[in-house]
Amino acid sequence: MSQTVTLKVNGELRQIGAAEDTPLLYALRNDLNLKGARFGCGAGHCGACRVLLDGHAVASCDTPLWAAKGKEVVTIEGLGTEEAPHALQRAFIAEQAAQCGYCASGIIMSAAALLARCPQPSEAQVREALDRNLCRCGSHNRIVRAVLRAAQEMSA
Amino acid sequence: MNLDPRTLDPAATASAAPAPAATAPAPTPATLEKPAPAVVIPAPAANAPAVAKLPGSLNNNRRLNLWLRVLPEGIIEVMPGKVEIGQGIVTALGQIVAEEFDVDLSRVRMVRARTGLSPDEAVTSGSLSIQDCGLALRHASAEARALLIAEAARQWNAEAATLTVADGVISDTSGRKLAYWQLDSAALFDREATGTVRLKTVDAHRLIGTTVARIDIPDKVYGHPRFVHDMVLPGMRYGRVLRPAAPGARLASLDDAAARALPGVTIVRDGSFVGVVAGREEVALKALALLRKGAAWSEGPGMPPTEGLYDWMRTQPLDSKVIEDKHEPLPGAVAQEVSLRYTKPYLAHASIGACCAIAQWNEAADKKQLLLWTHSQGIYNLRADLGLTFRMPLADIIVEHVEGAGCYGHNGADDAALDAVLLARAAGGAPVQVVWSREEELAWSPASPAMDIQVKAGLDAEGNVLSWQYQVWSNGHGIRPGRAKTPTLLAARYLDEPFEQFIAVNAPLASGGGSDRNAIAQYTFPEHVVTNHRLLTMPLRVSAMRALGGYANIFAIESAMDEFALMAGADPVEYRLRHLKDPRAIAVLKTAAARARWSEWDSEEHEEGAGHGIAWVKYKNSAAYCAVVAEVVMAEVVKVKRLVIAVDVGLTINPDGVINQIEGGAIQSASWTLKEALGYDAQGVTSVDWEHYPILNFSEVPQVEIEIINRPEERSVGAGECASGPTAAAIANAVAHALGVRVRDLPLTPERIMAAM
């Protein structure tokens, strides 16, 4: 693969040896070893692969590399770590807001985008903001509580 | 509690030897508040039978060292044969060990299941993990603890009964101390369990019955590699499979030139099984798209009819069995006969993550070895089918469980595993990872069978049930691997030397059954006849999904009871109680009703179009009790506002774990009940993406309130499946209450409701 694409991921410039039409998801997972964004459908329907692109939560499975060039890509790994967790990550643990947890990172990225534009959302606003993220295990209500808890903590 | 440090470490898996664990941090010692008294193992009675029945999975995996190991650095390794499938089981199992073994939770490390190393506990299914594995670990831990204490007593020449244990450190009255890890536990545990050591009494529990945070959740919210999808092995390549144009179709011709021209692509073909292996994942996907264009397929043998499915099911060759045939004298005369028919469509597992596996063939000069990483629910069962497929000794196949996305039954995990193994044959010893597409996940995983149910009842003058005739038509609910003479895995049907499609069967009713699960109503009907008709044709591949037949059977039974209550002019709760004697059933019904303010409904204000309904189950007629009250509002669609649930799982191990499972089961069932039906046409399943298989979203999910009735004196049973059936019936009953119209065909879509009006 002779092509190289430069992306800014979690604050660092990274070189990716892949064609420009490669879905961002595979570059993140396989070239940069950032496994937090997960494949769910490949069509942007389920939200498991969501990352922030200039602050907007987008599906990385149907975002080609060329569309991410020159933009800030933030993945769940860039949102927070065990040493310095994001309020959402703390809140998800506090509320035990997962069963299998496969959808969790994509949902946290959608919630992070929501809280950035709407720091004090109502429960209905949280639900609406997460409607394009699917959860099959039925953790929805715990997830909503976790997002509201994080919002409260961030604005305290 | 610690995670398995070998997580995603292939080197540890490749050898059959136990993994080194020297890197584990020393846990912080914690002191017990109440040191438990020591226990001595009684000598077996002289007249004891040669092989005593042991509790739970200990019976088939009798050696203590299969389950537990004490490491020199003060870590207790636990090797359950049951696996994490998103239900939080490894946390609850660790809790059980820490309790009975008398160590702090931080000392417990859960080891991932691997063939040749872990006990063979068959399949993680049927809400049996707490019941079978948990019970085995409770007894194994209690016995292991007693052995260590007896050894300390021997060394000190002391009475074992005078010794105490705090966090794995044994003390005597003079202040001498010996830690478990200072004793030769390997020798002590190298023996069969006796099952004779008494478990702790409930009042001595310090961990069982408390909420312990799930050990796997931090990894998941920080985006750490955790799933088999996230594993990376040295030199790993990416595989994808080209599914046929229709189920059962054969590959007539294949032009693979365009796909082959892509960089690093290998085409794999074995009969009608076709796939690609590539060095990059997106290249494998491109190659697959090109292969699809170049493939021509024969017609498949056909799908079930799209119109008149349920009538067609009754015309198929059937294996019919009467499973209940009770004829007590009728206490009165039948005043009215009623016949009702209920149906449930094919459903998809529809996990958010697609199935995935990694396989690697190690070919040395003298033998072949197959390594496999999979989220299968049954590593030994999968290994058995791989042995059949490749005609190779089981000892040469090592299968290790690595977590996958949520698993709700027999999904495509085992099928994806065979895909990976077949593709890895062409990878020259490199590991190959296969990730299914969304279409494969929805359309090629085994589906949950369609079911057709007929209730015929004779009612007395007060409307009470005197006679109950119940019939079920369905495919069997099981094609799990490892149980048949031929492999049941998807790709096996398409090989150059193909294996025939296995027709789904039902497990024996005593083991939970299949389509007949919960078909025998738990009411006191004087005359009660139940017949199960299993289809002997299977054009759409089906197997077990959460609650199996218990979902549709409880939907039917509890809908019918509701209809009879309304016909009798009785309150639905009171009417059920008339037909019930089981105190635990009565308790969940009354608790759910009280919590939902059931009897205050008429005196309280409600939105326009509101209604409520109730239903309950004794899951599998042998396990958890669960009652659900649903509150709905009828608008353009059925909006479920609230589910109020009472559950009795016997002795509760981890209350939040139980609540999480019940809540998840109820919300998933609400989704099945309101929205879901697997679509298909003559060419195959048409529900190939989320637009064609919608599930409940965040805005549609109801509030859920759960009350646990803890029964420390009763055995612990699973919580994962019991909410599915009563949630469906409670919603249907609430719709009937709101509209005065009964919908007997799932799902309860606006079209179905309009048709019923």
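For every chain, the first residue of the written sequence is number 1, and numbering continues from 1 along that sequence. Written order determines the labels here, with chains lettered from A and ligands numbered from 1. It should be noted that, the model being predicted, local features are given only for residues of pLDDT at least 70 and side-chain atom pairs only at 80 or more, the latter also being counted only at that level, while totals for whole chains, interfaces and linings use all residues.

> Got a minute to help me understand the overall build of chain B in this structure?
By definition, any uninterrupted DSSP run of H or I lasting at least four residues is a helix, any uninterrupted run of E lasting at least two residues is a strand, and each is numbered from the N terminus. The secondary structure content of chain B amounts to 17 helices and 27 strands. Here the C-alpha coordinates of chain B stretch approximately 80 × 70 × 50 Å along the principal axes. A burial count over chain B gives 57% of its 757 residues as buried. Note that contacts rest on C-beta atoms placed from the backbone: two residues are in contact if these are within 7 Å. Sequence-distant contacts in chain B: of pairs separated by 6 or more residues, those separated by 24 or more amount to 80%. Partly exposed residues are those whose C-beta has more than 12 but fewer than 20 other C-beta atoms within 10 Å; 20 or more makes a residue buried and 12 or fewer makes it exposed, with C-beta atoms placed from the backbone.

> Quick question: what am I supposed to make of the nonpolar core here?
One recurring pattern in soluble globular proteins is that nonpolar side chains are buried together. All names here are of chain B. In this usage, the nonpolar core is the set of buried Ala, Val, Leu, Ile, Met, Phe, Trp, Tyr and Cys residues whose C-beta atoms join them within 7 Å. The biggest cluster of nonpolar side chains holds 298 residues, and the ones touching the most others in it are A592, C626, V628, I645 and V647. If one sorts the elements of this core by residue count, helix α3 (residues 129-156) sits on top with 14 residues. In contact with I645, not counting residues within four places along its chain, are A592, C626, V628, I662, A666, V704, E705, I706 and A723.

> Can you walk me through helix α7 (residues 140-155) of chain A in this structure?
Because an α-helix completes one turn every 3.6 residues, residues spaced three or four positions apart along the sequence face the same direction. How far a helix is expected to stretch is found by multiplying one less than its residue total by 1.5 Å. Between its terminal C-alpha atoms α7(A) stretches 23 Å, which fits the 22 Å expected from 16 residues at 1.5 Å a residue. Residues of α7(A) that are buried: H140(A), N141(A), R142(A), I143(A), V144(A), A146(A), V147(A), A150(A) and A151(A). Among the structural elements, α4 (87-94), α5 (104-117) and α6 (123-129) of chain A together with α15 (655-675) and β27 (703-708) of chain B are those in contact with the buried residues of α7(A).

> Explanation requested: the interface of chain B and chain A in the structure shown.
Size of an interface, as often reported, equals the accessible area lost when the parts are brought together. Every contact between the two is made by 48 residues of chain B and, on the other side, 48 residues of chain A. Elements supplying a minimum of two residues to the side of chain B that touches chain A: α5 (217-221), α7 (281-294), α15 and β27 of chain B. When residues in the side of chain B that touches chain A are grouped by element, the largest group, eight residues, is from α15(B). Charged means Asp, Glu, Lys or Arg here, nonpolar means Ala, Val, Leu, Ile, Met, Phe, Trp, Tyr, Cys or Pro, and polar covers whatever is left, Gly included. A class-by-class count of the residues in the side of chain B that touches chain A yields 21 nonpolar, 16 polar and eleven charged.

> Help me understand the sheet that holds strand β16 (residues 368-374) of chain B in this model?
Across a sheet, strands are paired by hydrogen bonds formed along the backbone, either parallel or antiparallel in direction. All names here are of chain B. For two strands to be treated as a pair, DSSP must find at least two bridges joining them. If you walk across this open sheet you meet the seven strands as β10-β11-β8-β18-β15-β16-β17, and the pairing is mixed. The strands lining the two open edges of the sheet, one partner per strand, are β10 (266-270) and β17 (397-401). Strand-to-strand, the axes of this sheet are offset by a mean angle of 25 degrees, without reference to chain direction. Packed onto the sheet, helix α9 (residues 379-390) meets β16 and β17 and runs at close to 150 degrees relative to β17. For helices, the fitted axis covers only the stretch in contact; all axes are lines through C-alpha atoms, and the angles between them, taken along N-to-C directions, range from 0 to 180 degrees. With respect to the sheet, helix α10 (residues 413-424) is in contact with β8 (237-242), β10, β11 (273-278), β15 (356-363), β16 and β18 (432-435), its orientation differing from that of β15 by roughly 35 degrees.

> I keep staring at the pairing of strand β4 (residues 56-59) of chain A and nothing clicks. Help me out?
Within a regular strand, the side chains alternate between the two sheet faces. Residues and elements named next belong to chain A. Pairing of strand β3 (residues 50-53) with β4, which is carried by four bridges, proceeds in the antiparallel orientation. Counted as the bridge partner of V51 is V58 from β4. Hairpin connection from β3 to β4: two residues lie between these consecutive antiparallel strands, with D54 at a positive phi of about 50 degrees.

> How should the environment of P487(B) be read in this particular structure?
All names here are of chain B. As for its position among the elements, P487 is in the loop between β20 (465-474) and β21 (527-535). Sequence separation of P487 and D385 is 102 residues, and the distance between their C-alpha atoms is 4.8 Å. Those residues in contact with P487, other than ones at most four positions away along the chain, are D385, L388, T389, P481, A492 and F499.

> What am I meant to see in the sheet that holds strand β2 (residues 68-71) of chain B here?
Residue and element names in this part refer to chain B. The strand order across the open sheet formed by three strands is β2-β3-β4, and the pairing between neighbours is mixed. A single partner strand is all that each edge strand has here, and the edge strands are β2 and β4 (108-110). Averaged over all neighbouring strand pairs, the angle between strand axes comes to 25 degrees, with direction disregarded. Pairing of strand β3 (residues 75-78) with β4 involves three bridges; the strand directions are parallel. Across the sheet, E77 pairs through a bridge with R109, a residue of β4. Against the sheet, helix α2 (residues 89-101) touches β3 and β4, its axis set at about 145 degrees to β4.

> Honestly, the packing of α4(A) against α5(A) in this entry has me stumped. Any pointers?
Helices that pack against each other are described as a pair by the angle of their axes relative to one another and the distance between those axes. Residue and element names in this part refer to chain A. Two numbers describe how α4 lies on α5: the axes approach to 10 Å, and their chain directions differ by 130 degrees. As the angle between them shows, α4 and α5 are arranged oblique. Every pair of crossing elements has a handedness; the one defined by α4 and α5 is right-handed. Contacts from L88, Q89 and F92 of α4 reach α5 at A104, I108, A111 and A112. For the contact of α4 with α5, the residue count by class is six nonpolar, one polar and no charged. Roughly parallel refers to an angle under 35 degrees, roughly antiparallel to one over 145, roughly perpendicular to one between 65 and 115, and oblique to any angle outside these ranges. The sense of a crossing depends on the near helix, which, turned anticlockwise from the far helix by less than a right angle, makes the crossing left-handed and, turned clockwise, makes it right-handed.

> Explanation requested: α5(A) in the structure shown.
Residue and element names in this part refer to chain A. End to end, α5 covers 20 Å across 14 residues, agreeing with the expected 20 Å (1.5 Å per residue, within 8%). For α5, the tally of buried residues reaches twelve of 14 residues, placing the bulk of the element in the interior. Buried within α5 are the following residues: A104, S105, G106, I107, I108, M109, S110, A111, A112, A113, L114 and L115.

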